[in-house]
Amino acid sequence: MELKDLKSAWDTYSSQEVDKHRLGKENIHELLKNQTKTLVDRIDRNIRIGMVVLGIYLTYVLLDYLFLSAYLIKILVHEVVEYPKMLEPLDVFSTAIIIITYLFFVIRYLKIKKSFSIDLQLKDLLLGIQETLKTYRRMFYLAVAILLLNIIVSFTAGVFQGLKLQTNSVNGEIANLTASKILIIIGVGLAILIPLMAVTFFILRWGFNKLYGRYLIRLNETLQELNESGKEEQLF
Amino acid sequence: MEKEFLQIITENQGIIHKVCSIYCDLEEDRRDLFQEILVQLWKSYPSFRSESKFSTWMYRVALNTAITSFKKDKRQPDKTGVSYENMQLAEELYDSGVEDQIKMLNQAVSNLTGIEKSIILLFLEDKKYEEIAEITGITQNYVRVKMNRIKKKLKLLMNQEE
């Protein structure tokens, strides 16, 4: 089959297809009213939800650090429970990192959003979507990191407090525990904590890749194809 | 503005249907893509300036949407590239020679990449290299190079099928 035959086959086929699917003004209006969300719209919505959730979380962390924690312990435990001093720098450091990353993320996202439009040149559009997705992925991993840090800090603090209460109940001191007992406690703690963190991380990562992994690969391939055009252009 | 938009889209809807025909194998995908393109056209309509022809702008938005559309892996496309609906249409409307050519065309086109599909569609629609370059955002030289490759690829694919 020659290309001119291909053209005539296309003309016949496309005109029949257009006639078959032709819509009236009302149908088009109806489709616009019931518009579904495109990928970029959905990501945009998810990012906005993520921003709000992270914002609420940071406010909670701040309130918790300032007075909520002390207040709850006072009400629920009825005795003075000391927050492990060794965890304080880790707590402050992780919160600071989260706030900085969060602000960086918000600024970056607003910048991308401002310059994004579907009628851009294809390459710019693909780069825009890729950047949006990458930013989304960064935010996703930020949320995962917060969750994991939270698990570590809470778990360690919990073990420490539990141990302290236990030893207090038998009029003992943590400092009097033998090395082998401490090693067993650390071992059991790690045996629970590490698989818990690994499973949480891998499930979340798998979920993200399942949703967007193939799409990102396709975007990269298309971009690569367009970049080849630039390279070949220089040869002419 | 909405009235004006509806009028202009109703008149030019052929462009969207053709883009959907070349990018979708299944009727359901086709409907989704049609709606997605429509929504994108509506959203970016306020930014349309008459610097380029309306059809050029419409092709660009439609092709950009098709190339970047996000499909979940819920439906498996027909690997032959010929949809059941198309087969039925062919049986109803064409003689066997044209039907074979259409099958071959669909099969060959389904093996092209997203960008190649956009270039071949514009070529089949008799667009000049200059306009293809304007719509796709790649240079005229590369459109020529790419077009030659696509022609070779299509010939090869169609010869294999014959």
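This structure is a prediction, so every number in the text was calculated from the model and none was measured. (Residues numbered from 1 in each chain as written. Chains lettered and ligands numbered in written order. Predicted model: local features only at pLDDT ≥ 70, side-chain atom pairs only at ≥ 80, totals over all residues.)

Colleague: Tell me about the overall build of chain B, and please be specific about residues and values.
Modeller: Scanning chain B from N- to C-terminus turns up eight helices and zero strands. Ordered by position in the sequence, the α and β elements of chain B form the string α-α-α-α-α-α-α-α. A total of 162 residues make up chain B; the buried ones form 40% of that total. Pairs at least 24 residues apart make up 68% of the contacts formed inside chain B by residues separated by at least 6 positions. (Helix = DSSP H or I, 4+ residues; strand = E, 2+ residues; numbered from the N terminus. Buried ≥ 20, exposed ≤ 12 C-beta atoms within 10 Å, placed from the backbone. Contact = placed C-beta atoms within 7 Å.)

Colleague: Could you give an account of helix α5 (residues 122–169) of chain A, naming the residues involved and the relevant values?
Modeller: Under the 1.5 Å per step criterion, the end-to-end length of α5 of chain A is 69 Å for 48 residues, consistent within 8% with the ideal 70 Å. Within the span of α5 of chain A, buried status applies to Leu122, Leu125, Leu126, Ile129, Tyr136, Met139 and Ile146 of chain A. (Expected span 1.5 Å × (residues − 1).)

Colleague: How would you summarise the confidence of the model for chain B if you had to cite specific residues and measurements?
Modeller: Residues and elements named next belong to chain B. Confidence in the prediction for chain B averages 80 pLDDT; 82% of positions are at 70 or higher. Under a pLDDT of 50 for its full length, residues 74–90 has, in the predicted model, 26 contacts with residues more than four places off or in other chains. Two numbers describe this predicted complex: its pTM, 0.72, and its ipTM, 0.75. (pLDDT = per-residue confidence, 0-100.)

Colleague: Describe the interface of chain B and chain A, and please don't skip the residues or the numbers.
Modeller: If you look at the interface, chain B gives 47 residues, while chain A gives 43 residues. When residues of the side of chain B that touches chain A are traced back to their parent elements, those giving at least two are α1 (2–23), α2 (27–44), α3 (54–68), α4 (84–93), α5 (96–109), α6 (114–124) and α8 (140–161) of chain B. For the side of chain B that touches chain A, the element with the most residues is α1 of chain B, which contributes eight residues. Residue classes in the side of chain B that touches chain A are distributed as 23 nonpolar, 19 polar and five charged. (Nonpolar A, V, L, I, M, F, W, Y, C, P; charged D, E, K, R; others polar.)

Colleague: Explain the nonpolar core to me, and be specific about the residues and the numbers.
Modeller: Side chains of nonpolar character tend, in soluble globular proteins, to be buried together. In terms of nonpolar packing, the biggest core is built from 52 residues, with Ile16, Val19, Ile37, Ala62, Leu105 and Ile119 of chain B touching the most fellow members. Not counting residues within four places of it along the chain, the set of residues in contact with Ala62 of chain B comprises Ile15, Ile16, Val19 and Ile37 of chain B. (Core = buried A, V, L, I, M, F, W, Y, C linked by C-beta atoms within 7 Å.)

Colleague: Describe in detail α6 of chain B, supporting the description with residues and values.
Modeller: Residues and elements named next belong to chain B. α6 sits mainly inside the fold: nine of its 11 residues count as buried. When α6 is considered as a whole, its buried residues turn out to be Ile115, Lys117, Ser118, Ile119, Ile120, Leu121, Leu122, Phe123 and Leu124. Directly beyond the C-terminal end of α6, a positive phi value near 60° is found at Asp126.

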